[in-house]
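Coordinate analysis (summary)
In case you want the letters, here they are:
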Amino acid sequence: MSRLKHASAALFMLLALLVLTAGCGGKPAGDAARAKSLTFSWSKDIGDLNPHLYSPSQMFAQAMVYEPLVKYAEGGKIEPCLAESWTVSADGREYTFKLRRGVKFSDGSAFDAKAAKKNFDAVLANAQRHQWLDLVNQIQDTEAVDEYTLKVVFKNAYYPALQELSLIRPLRFLGPAGFPDSGKTSEGIKKPIGTGPWVLSEYKKGEYAVFTRNEHYWGAKPKLEKVTVKVIPDGESRVLAFEKGEIDLIFGSGTISLDSFKQLRDSNKYGTMISGPMSTRTLAVNSNRGPTRDLRVRRALQHGFNKQAVIDGVFLGTEKKADTLFSPNFPYCDLGLKPLEYSVEKAGALLDEAGWIKPAGKEFREKDGVPLELELCFDSTNNIQKAVAEVMQGDLKKIGVSLKLVGEESQSYNQRQKDGNFHLIFSDTWGAPYDPHSLVSSMRVPSHADYQAQSGLPMKADIDRKIGEVLLTTDEKARRELYSQILGTLHDQAVYLPVSYQTNMAVYHKNVSGVTFSPQVNEIPLDGIDKT
Amino acid sequence: MVRYVFMRLAGLVPVLLGISLVTFILVRLVPCDPAEVYLRLSQIPPTPEMVASVRADLGLDRPLYAQYLDWLWKAAHLDFGVSFATKQPVLAEITRCFPATLQLTLASMALVLLVSLPAGILAALYKDSIFDQFSRLLAFLGASVPNFWLGFLLIYLFSLKLDLLPVLGRGTPAHLALPAATLALSYAATYTRLLRTSMLDCMSADFVLYARARGLRERLVLGRHVLKNALLPVTTAFGMSIGHMLAGSVIVENVFAWPGVGRLCVYSIFNRDYPVIQCYALIMAVIFVTCNLVVDMAYRFLDPRIRLGGGRQ
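Residues numbered from 1 in each chain as written. Chains lettered and ligands numbered in written order. Predicted model: local features only at pLDDT ≥ 70, side-chain atom pairs only at ≥ 80, totals over all residues.

1. Side note on the overall build of chain B
Within chain B, the regular secondary structure consists of 13 helices and 0 strands. In chain B, the succession of α and β elements from N to C terminus is α-α-α-α-α-α-α-α-α-α-α-α-α. Projected onto its principal axes, the C-alpha coordinates of chain B cover approximately 85 × 60 × 30 Å. Across chain B, every contact between residues at least 6 apart in sequence was considered, and the portion connecting residues at least 24 apart equals 73%. (Helix = DSSP H or I, 4+ residues; strand = E, 2+ residues; numbered from the N terminus. Contact = placed C-beta atoms within 7 Å.)

2. Points about the sheet that holds strand 20 (residues 496-502) of chain A
Residue and element names in this part refer to chain A. With respect to topology, 6 strands assemble into an open sheet ordered 14-20-13-19-17-18, the strand pairing being mixed. Each end of this open sheet is capped by a strand with a single partner; those strands are strand 14 (320-321) and strand 18 (402-408). By the bridge criterion, 3 bridges tie strand 13 (residues 279-285) to strand 19 (residues 424-426) in an arrangement that is antiparallel. Considered in strand 19, the bridge of Leu283 is made with Phe426. (Pairing = 2+ DSSP bridges.)

3. A look at the sheet that holds strand 5 (residues 94-99) of chain A
Residue and element names in this part refer to chain A. Pairing is antiparallel in the open sheet, where 4 strands are placed in the order 4-5-7-6. Two strands in the sheet have a free side with no partner beyond their single neighbour: strand 4 (83-88) and strand 6 (139-146). Going from strand to strand, the sheet's axes swing by 20° on average, the running direction of each strand aside. Relative to strand 7 (residues 149-154), strand 5 runs antiparallel, the two being bridged by 5 bridges. When the bridges of strand 7 are listed, Lys98 appears paired with Thr149. Docked against the sheet, helix 3 (residues 113-125) engages strand 5, strand 6 and strand 7, running at close to 165° with respect to strand 6. (Axes fitted to C-alpha atoms, helices over the stretch in contact; angles between N-to-C directions.)

4. Things to note about the pairing of strand 17 (residues 373-379) of chain A
Residues and elements named next belong to chain A. Both strand 17 and strand 18 contribute to a ladder of 7 bridges, which runs parallel. Paired with Cys377 across the strands is Val406, a residue of strand 18. Viewed along the sheet, the connection from strand 17 through helix 11 (residues 383-398) into strand 18 turns out right-handed. Note: strand 17 against strand 19, 2 bridges, orientation parallel. Residue pairing across strands places Cys377 opposite Ile425, the latter belonging to strand 19. (Right-handed = clockwise from strand over helix to strand, strands pointing away.)

5. Things to note about the interface of chain B and chain A
Residue-level contacts link 53 residues of chain B with 47 residues of chain A. Of all the secondary-structure elements, those providing two or more residues to the side of chain B that touches chain A are helix 2 (34-41), helix 3 (48-58), helix 5 (90-125), helix 7 (147-161), helix 8 (173-203), helix 10 (218-247), helix 11 (250-255) and helix 12 (261-270) of chain B. The dominant element in the side of chain B that touches chain A, judged by the number of residues it contributes, is helix 5 of chain B, at 10 residues. Of the residues in the side of chain B that touches chain A, the class split is 34 nonpolar, 12 polar and 7 charged. (Nonpolar A, V, L, I, M, F, W, Y, C, P; charged D, E, K, R; others polar.)

6. Regarding the environment of A:Phe364
Residues and elements named next belong to chain A. Summarising the element assignment, Phe364 is placed in the loop between helix 10 (344-353) and strand 15 (366-367). Sequence-wise, Phe364 and Gly400 are 36 residues apart; in three dimensions their C-alpha atoms are separated by 4.2 Å. When sequence neighbours within four positions are dropped, the list of residues in contact with Phe364 reads Pro371, Leu372, Gly400, Val401 and Ser402.

7. Section: the packing of helix 6 (residues 235-244) of chain A against helix 7 of chain B
Across the interface, helix 6 of chain A lies against helix 7 of chain B with an axial gap of 11 Å and an inter-helix angle of 5°. As judged from the angle between their axes, helix 6 of chain A and helix 7 of chain B are roughly parallel. For the pair formed by helix 6 of chain A and helix 7 of chain B, the contact residues are A:Glu236, A:Leu240, A:Glu243 and A:Lys244 on the first element and B:Phe152, B:Ile155, B:Tyr156, B:Ser159 and B:Leu160 on the second. Class assignment for the residues of the contact of helix 6 of chain A with helix 7 of chain B results in 5 nonpolar, 1 polar and 3 charged. (Parallel < 35°, antiparallel > 145°, perpendicular 65-115°, else oblique.)

If you want it as structure tokens, here you go:
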């Protein structure tokens, strides 16, 4: 019996240890400090907030702390930010920025041309890491002309320079005190010091981050005093935490399931909003593999897929039907391209014309005894892709096409995009401010699904040449004409099957006001939000 | 006894070597290059030049044997390298997350013991009673309800409807209650039934009949003879479960946003973060082997007939 007593004592000690250790975890500030405080959640930790590097830093958090020279506004319009104004030389190679006076970093130090140049230099010193971005490749030199004038010289006239300067990374500005002793931000930073409206004031890795208002901020100060970002990896848990009131706002694309969004919206207990088109959910159709080499088959797929049913049944009306690769509200994309509407008859006629005939008594079409079978590859962790794929499988069956669904984990799915090992594969556009120029530029890179899908087109070389031209021309009319030709050809060749225009979603408690969407897909406009 | 423990610990070295090699090979057999994964996570198009540059940064451009030997040498000095994804030292990442998982596991273990010991004993003593039937129902539920679903149900009931506990996160004992209960339920159900069965077997054994014939009080018979012997198989299973709980808490950690090592491991697998995966596998191997050793030692405590390593008492 004494041994049982020992066991009881051990159990008691275990419980005591638990109670003691339970207090060891972190905990964001309590209720007393919640008055002007907003809590929302993100699926990942915010990262180290190095403005000149990428993962694991989360873009929305980088955008809270750091600012660009110019910002991307509605419809692709470029507006002043840290640069009050700018001039471009006649040959399009020299940009002279007049910096905003009186701007201070969150540590109180001044933002001037010297600080700006130091940031440009740090990014250029790590140019290899940024070579994906043509902006960095095109910069030849930077010069602090005077205290508030910064000149950036490009190797060529590069028209998207201002759009790419507005990106969240890598060209935003770290305060000099945040630089490591070596000056190389590629090795890390000492502290996230920016000019933006928010300052990181408390951080527990993997659990939460607290941002407070930057009292040195040059612009209109945020209405909130504090924003807490909790790490919640699971979407359903996020919804439950929201309903309990542990978080005030759910924001973003795919942060919760569409069913949950609909349920919260229909409850009428919360505010809900859906943004305009931010990017396009599309399928790349391989023009260099099997039956989809034939333009008639590719066009038949477009006519055979009932997108509206997907919008109503899968997206529950939260996304809009997409007829073109880029939404017409993006720069250079309002081209009046004719949609390839849903029509089972047209699809059937095109397949007949291509020689894919449905033998009597058989379910699927055949040509020379070979059944018309295609593979649609999707990311098995993405429920939306799976649902869209299943609807498409049903639709194509009606026109005699056997669609095999290949769901794989994310990295294997990415590998297929790179290898071109697909007939159809999900491949979304990048959203503003990358669309259209960055995505179009990447169409020339073989490791992209876009390149693979287009690689069988007889005019691929011509498309790539025009892409090269459109990025360098300084003639606005010529640029518009080139975009029209590039996007028009891709539309006619049916190498993309656009499904829907993706949106950002916001759900918030009714004591939260001022929720809006940013034109940039990865920014959360917290500055205007208030809470009563 | 000391010699036995020493020998068992010495046996850990080849086990760890084997596991390190197998893990090293297996993670590299999975398709997709970590350099590409890093680029995609950063929303950078993985051009061949970019991939080559990142591969060089991560040290993946060297021959495999050189990578392994280098890793092994450093690991022997407790340097497990730097995480591909977070750029932080791996050991620091794991030690940051481990206390949360340990806390969750200890709480779940305590719950399992608190529930399964009395429930198992009562179910055996009152065999076929309503209590026994109820414990059987709980066992079926515990074994069949998926962890994530149970977690959501508990949140819905205790947090949303009754407003008694927080939904998620870590901080106070209240934060611990739901994840610990979620993790504990299936184990508690299993051990209740296991203890019941084991006790019933012992109750019909000859030595119990003999104890009763000697006129011992029923309490003494049950406590000293039945329960002590019935605990042997339960101890074995429980010891093995500690490792499983530590390694298998990932779903619960995800549902409750519990910042533990399971979440770190899954995140690392998705990100092909080789250094973290390798270190995690080694630590889990040490934990499993240690748990086995502790179970064997507990056997000696519970059943003196068992001689560890063949030595004399």
